[in-house]
Amino acid sequence: MKSVVSEKGQVTIPKSIRERLGLRAGTELEFRTLRGQLIGVKKSREDPIAKWRGKGCLPLGLSADEYLARVRGGS
């Protein structure tokens, strides 16, 4: 697929590519060059760990410090 750079330096990403990558208005892209090629990477807006934070449960209602001490051989 081709796209032409406008006078303002803008390009249109073809619709099929936007849909496949989930690019919508407001999506941030980071650009860099690599061996003469332009690389655009979709920037993640959220911390990938955030959705899991606080979801785990420790056995026996132990605190994190108590659990770590127990599994590491402490009392």
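Above this text sits the structure in question.
Residues numbered from 1 in each chain as written. Predicted model: local features only at pLDDT ≥ 70, side-chain atom pairs only at ≥ 80, totals over all residues. Heavy atoms only, no water.

Caption draft 1: Geometry of the pattern of salt bridges. Taken as a whole and judged by the stated rule, the model has three salt bridges. Between Lys15 and Glu19 there is a salt bridge whose closest N-O contact spans 3.8 Å. Taken together, the positions of Lys15 and Glu19, both in helix 1 (residues 15-21) and four residues apart, correspond to about one turn of that helix. Taken as a pair, Lys15 and Glu19 share a single burial class, namely exposed. Taking the shortest distance from any N to any O, the salt bridge between Lys43 and Glu28 comes out at 4.0 Å. (Salt bridge = Lys/Arg side-chain N within 4 Å of Asp/Glu carboxyl O. Helix = DSSP H or I, 4+ residues; strand = E, 2+ residues; numbered from the N terminus. Buried < 20%, exposed > 50% of the residue type's maximum accessible area, 1.4 Å probe, protein only.)

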